[in-house]
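# Per-entry structural report
Residue-level listing of the chains:
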Amino acid sequence: AALCERIDKEFQATREDMTKFSETKSQEGKANLADQRDQLNRAMAEAAKEVDQKMDKLQATMEKFLKDFSDTQAKDQASRDEKTQRSESEIWLKLDRTNELLQELTDSSTRDTESLREEATKNLEDYKTAANGRLDGHDEENLQMRTALMEVENLATRRVDWVIKDASKRLRPNSASKASLHTSWFSPKFDMAGVHGLQLELQLFRPSDWGADGESSGDVAIYLWACKGMNLVYKLYCGSKSQTCEKVFNGKVPYGTTRFCWLKDQINREDDTLRIGCEVLEAVREVEHICKPIQPPSDEELQDASQAEKEQADKLAKKQLPGSLLFRRHVNNRLFDQVKNQVDAMRSRMVRRVEWRVEQASLLRKCFPPGESICSASFNAAGIEGMQLIFYPCGYHGATDGFCSLYLYAPAGATLRCNLFIGDQKRDANHSFEVAGAFGRTNFCRFEAGLEQATDTIVVALEVDEAHQDMIATVAHPKAVPGDTRSIAQMDGSVSGPIESTVKLQQASGNLKKSPLEERRVLPSLWTAKSMADNSKKEDKFHSFDELKTQTRGPSPTRRVRDGSTSQLSPMNMSDFKASQSDDLTGELQPPLPKLKSSVSEKTTISDFRGASEWSVNTRGSRSRRSLPKSNSQVVVSPMSSPDI
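Report follows, based on the coordinates.

What counts, and where the lines are drawn
Residues numbered from 1 in each chain as written. Predicted model: local features only at pLDDT ≥ 70, side-chain atom pairs only at ≥ 80, totals over all residues. Heavy atoms only, no water. Helix = DSSP H or I, 4+ residues; strand = E, 2+ residues; numbered from the N terminus. Buried < 20%, exposed > 50% of the residue type's maximum accessible area, 1.4 Å probe, protein only. Lys, Arg positive; Asp, Glu negative; His and termini not counted. Salt bridge = Lys/Arg side-chain N within 4 Å of Asp/Glu carboxyl O. Polar contact = N/O pair within 3.5 Å; in protein donor to acceptor, adjacent residues only side chain to side chain. Contact = heavy atoms within 4.5 Å. Core = buried A, V, L, I, M, F, W, Y, C linked by side-chain atoms within 4.5 Å.

## Looking at the side chain of arginine 259
- Within the element layout of this structure, arginine 259 appears in the loop between β8 (255-256) and α3 (263-266).
- Buried charge arginine 259 goes without a salt bridge, the closest partner of opposite sign being glutamate 215 at 4.8 Å.
- From its side chain, arginine 259 meets the backbone oxygen of glycine 218 in a polar contact 3.0 Å long.
- Leaving out residues up to four positions away in the same chain, arginine 259 has contacts with Phe205, Arg206, Ala212, Asp213, Gly214, Glu215, Ser217, Gly218, Asp219, Val220 and Ala221.

## Considering the side chain of glutamate 355
- Positionally, glutamate 355 belongs in strand β11 (residues 351-358).
- Residue glutamate 355 is classed as buried on the basis of its relative accessible area, which comes to 13%.
- Among the polar contacts made by the side chain of glutamate 355, one reaches the side chain of arginine 353 at a distance of 2.8 Å.
- When near neighbours in sequence (up to four residues on either side) are disregarded, glutamate 355 contacts Val459, Val460, Ala461, Arg520, Arg521, Val522 and Leu523.

## Things to note about the environment of glutamine 453
- When you line up the elements, glutamine 453 lands in the loop between β18 (437-446) and β19 (458-477).
- In this structure glutamine 453 comes out as exposed when scored by relative accessible area, which is 62%.

## Remarks on the nonpolar core
- Ranked by size, the top nonpolar core spans 43 residues in total, and within it Trp356, Phe391 and Leu416 carry the most contacts.
- Of all elements in the fold, only β11, α7 (364-367), β13 (379-381), β14 (384-392), β15 (403-410), β16 (414-422), β18 and β19 reach the threshold of two or more residues within this core.
- Apart from the residues within four sequence positions on either side, leucine 416 is in contact with Ile384, Met387, Leu408, Ala410, Ala429, Asn430, His431, Phe433, Val464, Glu466 and Ala467.
- In this structure, Phe190, Val195, Leu204 and Cys261 belong to the second largest nonpolar core, which totals 33 residues.

Here you go:
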């Protein structure tokens, strides 16, 4: 406690000393500050006085300088104003002169421009006239070159198809309320085989109330339009059907097929399209090029010409003849086919034996009941075209049980001395076919006798010893008068009508046994149910004998025949003939096979098989003929007579 009191006393003494010291120093600072403020005020007063004196001197100097400068500026301004006035005067004088010069240049330019415009217009008109003339020439040459190029481009085109999409929806016949029986659709125009401007026309017919001609043949006809003077041999297609036409067109009416197929059968069911096609087989076109005469020199050009040049120009003007060059362009796309047909015909004359291998023989009697046949492909032999083998595994109508029948179909006018074979069974078949039909044996042999057990096949063959064919061509010519020296071409234009006559030709291959050139032809192992003698059925494709296996796995469905009864339905049926059967099965008289008609065209070809309208039966011992009303065909073809063994 004493220590604390001591310390407090010391602190109190120290505080009092510090207070006294602070007061003393404060009084000294105030006195010093007052002295300094007095000194500063005296210095500032002296400085202000000095500044006032200097400012007065500077102001006087500046006023003097400004006065001198103003005087100098006034003098300079006066001098510049004087110079400016003089410059403006000179400029206005120069501008007036410039305006005068510009006016003179404008007048001169206007005159020159008008002169140049007139000259340029004249030159432009001359150039335009010359250019138009050259362009017209180039256009004409370009058109000719384009036409020639298109003809050359389409020269190799043989067939053009017009594909119609959505055919089943778009192609509809007219309603019964309209007068016209058919509706027409036209294809775009096209060029082919050197022929231009072709167009196809599709005609679709509706059923008529009175039964129009050809209504049973189909509801579609195809026509072709062509330019005037075109001589065409062409083939028109509708789907898989086709028909060949030949026509010299006049450019006003088309030419084409008759009603030859049904639309519904030719539409492709997969994509609902119909193909209408045209194939040009042969085309003859006459093209005329007008010969343009050479223009002789004008009188102005001949003024400075020599006498020889003038004479040459006169001769040129006199010798020029107006006219044209006529080019006959001939395109033959069937040359190869014609040569091939001729070669095949020559080769067929060397064919003596024809063999047809029938496979799956053990199944034939199950698939083909009595009266139903299988037919081979058509073939040519010994110079006779269009022959066919018709084989009945269970025999034709009236055949003895267990026997098979074999017939040979041949065209009208054919005379054959030949032998028919089934396996090693041989039968002679000598016959003259006055009309197209079939000839053979109803009871040829027992079926097992011709069957080869090892291979399950039957070899059906034809061996020709001698053959010839009579061809009849109907021609027309003007009546010839004794002493008339005119040619046939001259008489064609002077007679009112032709006189009809008949030329009879005979193709004879002679005795083939004496000829060293012999060939054996093997037919493909295919069959069809439609014989060439039966036109009452639709066209049928060829089948493989392996298809017979599928026909025997299950029961055969039944069908109804014409008399109302039912029979087993084989793969292809050939028993739709109403031929009466013989009461005596052992007699020689047998019912006839299918009958047909045929017409012989002017080109000595058998065509246009129509259907059964007349038939006859000939036997060895006795002859009997039974006929129905004849048709309007040129040649009425009866069937064959079939002697029994």
